[in-house]
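Close look at the chain arrangement
Okay, here's what each chain looks like letter by letter:
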Amino acid sequence: MSDQTTTDTPALVPARVGVLGGGRMGAGIAHAFLLAGSRVDVVERDSASAGAAADRIRRSVVRSVERGATSRSAAEVDAALTVGTDLDVFAAAELVIEAVPEDRALKEDALARIERTLPAASALASNTSSISIDALGAALRRPDRLLGLHFFNPVPTSALVEVVLGSATAPALADAARGWVAAIDKTAVTVRDSPGFASSRLGVMLGLEAIRMLEEGVASAADIDTAMELGYRHPMGPLRTTDIVGLDVRLGIAEELEAAFGERFAPPALLRRLVAEGHLGRKSGSGFYEWSE
């Protein structure tokens, strides 16, 4: 009889990961997998956007190296990154994550285009924060290879990833996804496909009520946020969080949830006005607060 003990096998990231979209979220997702040891291919819509995405990712990697968040050098990490405009690069990927803006038609088109290049055994994930995985998978040939990987902004310092399972998602893929999340040093919560999932449904409800309170003159934005930070130990108040997420993103999620659940998720007029005026939060320089880089 053997006296050999068994140990848990460490979770591993896919050797090659693709990311469609190199904005703030896509760049953060690429950063996370690069630091965990994956080779990462980022695809953008044009050469100017690709150049901006490459700069964004490299700056983030340098900051992580300076903080001691990785034992690898910035040059070593950079050697594992490619940024371009050709979707065919995804033919070598084990996992591709779409990180395009939170628009159902845009995401449906993006996922369909990725699937046409992706090997049959590879995984496809959406970074959606509220759109149904089953709805996104309805036009795909292999919906069993699709799931949601909802990352949080800013990705490099956020500890959570929501793993969202559609009705067709293969159980083995769900297990693998939880392992990937652990391997990039984050915590997974698993939710079934439901409007707003867990985090967006709760977070948006709190954010919308805070906006209504500001609209009604109950208190200032800073005082509403401080009440939640000090009274309920939230690390950040709901209005500052909305600025970081993006007012346009919050509006889109609220509209999805209003369609599913009714009036309780109706976006306040103040939110609609600020988005229409271009006050989108940190990314535009102003929202409920003024921001500067």
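For the structure itself, consult the block above.
Residues numbered from 1 in each chain as written. Predicted model: local features only at pLDDT ≥ 70, side-chain atom pairs only at ≥ 80, totals over all residues. Heavy atoms only, no water.

Some remarks on the packing of helix α7 (residues 199–215) against helix α10 (residues 247–261)
For clarity, the threshold we go by: Between N-to-C directions, angles cover 0 to 180 degrees, with each direction set by a line fitted to C-alpha atoms, over the stretch in contact for helices. To qualify as a helix, a DSSP run of H or I must reach at least 4 residues; to qualify as a strand, a run of E must reach at least 2; elements of each kind are numbered from the N terminus. Oblique is the label for every angle not falling under 35 degrees (roughly parallel), over 145 degrees (roughly antiparallel), or within 65 to 115 degrees (roughly perpendicular). Two residues form a contact once any of their heavy atoms are found within 4.5 Å. Here the term charged refers only to Asp, Glu, Lys and Arg, the term nonpolar to Ala, Val, Leu, Ile, Met, Phe, Trp, Tyr, Cys and Pro, and the term polar to all other amino acids, Gly among them.
It is at 10 Å that the axes of α7 and α10 come closest, and there the two elements cross at 105°. Considering their axes alone, α7 and α10 lie roughly perpendicular with respect to each other. Between α7, through S200, R201, G203, V204, G207 and L208, and α10, the contact on the second element is made entirely by R250, I253, A254, L257 and F261. Taken together, the residues of the contact of α7 with α10 break down into six nonpolar, three polar and two charged.

As for the nonpolar core
Our working definition: Joining through side-chain atoms within 4.5 Å is the link that ties buried Ala, Val, Leu, Ile, Met, Phe, Trp, Tyr and Cys residues into a set, and such a set is a nonpolar core. Per-residue accessibility, obtained with a 1.4 Å probe over protein chains only, is compared with the maximum for each type, and a residue is labelled buried under 20%, exposed over 50%, and partly exposed between these values.
Residues F33, L149 and F151 are the most contacted members of the largest nonpolar core, which totals 34 residues. The element contributing the most residues to this core is helix α1 (residues 24–35), with seven residues. Here F151 is in contact with M25, I29, F33, I97, N127, L160, V161 and I184, once residues within four sequence places are set aside.

A look at the pattern of salt bridges
The cut-off we apply is this: Definition used for salt bridges: Asp or Glu carboxyl oxygen within 4 Å of a side-chain nitrogen of Lys or Arg.
Per the counting criterion, the structure on display carries 14 salt bridges. Across the salt bridge formed by E102 and K107, the nearest N and O atoms sit 3.8 Å from each other. Looking at K107, the relative accessible area reads 1%, which means it is buried. Between R104 and E256 there is a salt bridge, and its shortest N-O distance comes to 2.9 Å. With a gap of 152 residues between them, R104 in helix α4 (residues 104–117) and E256 in helix α10 connect regions that are remote in the sequence.

A look at empty space enclosed by the protein
Filter applied, for reference: Cavities and pockets were defined on a 1 Å grid built from protein atoms only: a cavity is a group of points that admits a 1.4 Å probe but offers it no way out, a pocket is an open group of points flanked by protein on both sides within 12 Å along at least five of seven lines, and a lining residue is one with an atom within 4 Å of any such point. Grid points are joined across faces, edges and corners, and a volume is the space filled by probe spheres set on the points.
On inspection of all chains with the given rule, the structure shows one cavity of 30 Å³ or more. The space that makes up the largest cavity amounts to roughly 30 Å³. Taken together, E115, L118, S122, L124, R142 and R145 form the lining of the largest cavity. Split by residue class, the lining of the largest cavity holds two nonpolar, one polar and three charged.

Topic: the layout of surface pockets
Any space left empty among the atoms is revealed by the rolling of a water-sized probe across them. When its volume is computed, the second largest pocket comes out at roughly 260 Å³. For the lining of the second largest pocket, the elements supplying multiple residues, two or more each, are α1 and α2 (47–67). The greatest single-element share of the lining of the second largest pocket, amounting to three residues, is contributed by α1. Of the residues contributing to the lining of the second largest pocket, the split by class is eight nonpolar, five polar and three charged.

Some details on the side chain of D243
Defined as follows: Here Asp and Glu are counted as negative and Lys and Arg as positive; His is not counted, and neither are the chain ends.
Mapping D243 onto the fold places it in helix α9 (residues 238–245). Salt bridges are absent for the buried D243, whose nearest opposite-charge side chain, R240, sits at 6.5 Å. Filtering out sequence-adjacent residues up to four positions away, D243 remains in contact with L280, G281, R282, G287, F288, Y289 and W291.

What about the sheet that holds strand β5 (residues 123–126)?
What counts, and what does not: When DSSP locates at least two bridges between a pair of strands, those strands are taken to pair.
On the basis of which strands lie adjacent, the open sheet formed by eight strands has the order β3-β2-β1-β4-β5-β6-β7-β8 and mixed pairing. The outermost strands of the open sheet, each flanked by one partner alone, are β3 (81–84) and β8 (187–192). Between one strand axis and the next, the sheet turns through 25° on average, direction left out of account. Here strand β7 (residues 160–165) runs beside β8; their pairing, made up of six bridges, is parallel. The partner of L165 across the bridge, within β8, is R192. The strands that helix α6 (residues 171–183) touches are β4 (95–98), β5, β6 (146–151), β7 and β8; relative to β7, the one it contacts most, it runs at about 175°.

Section: the packing of aromatic side chains
Our working definition: Any pair of Phe, Tyr and Trp rings, taking the six-membered ring for Trp, is counted once the centres come within 6.5 Å. Such a pair is stacked with planes under 30 degrees apart, edge-to-face with planes over 60 apart, and tilted for the rest. Sitting over a ring, as applied to charges here, requires NZ of Lys or CZ of Arg to be within 6 Å of the ring centre and within 35 degrees of the ring normal.
A full pass over the atoms with the stated rule returns one aromatic pair. Each ring, one from F261 and one from F265, has its centre 5.8 Å from the other, and the planes form 45°; the classification is tilted. The ring of Y289 is capped by R240, whose NZ or CZ atom sits 4.1 Å from the centre of that ring.

Things to note about the environment of E256
For E256, a relative accessible area of 23% gives the class partly exposed. Considered as a pair, E256 and P195 are 61 residues apart in the sequence and their alpha carbons are 7.5 Å apart. Setting aside residues up to four positions removed in sequence, E256 forms contacts with R104, S130 and I131.

Re unusual backbone geometry
Negative phi values dominate among residues other than glycine, just as trans dominates among peptide bonds. A cis amide bond, omega 0°, links N153 with the succeeding residue P154. Topologically, P154 is positioned in the loop between β6 and β7. Positioned with a positive phi, D185 is a non-glycine residue whose angle comes to about 65°. Inspection of the secondary structure assignment puts D185 in the loop between α6 and β8.

Structural notes on the environment of I253
For I253, the position within the fold is in helix α10. Using a relative accessible area of 3% as the deciding quantity, one classes I253 as buried. Spatially, the C-alpha atoms of I253 and R58 are 30 Å apart, while their sequence positions differ by 195 residues. Beyond its immediate stretch of four places on either side in the chain, I253 contacts S129, S130, S200 and V204.

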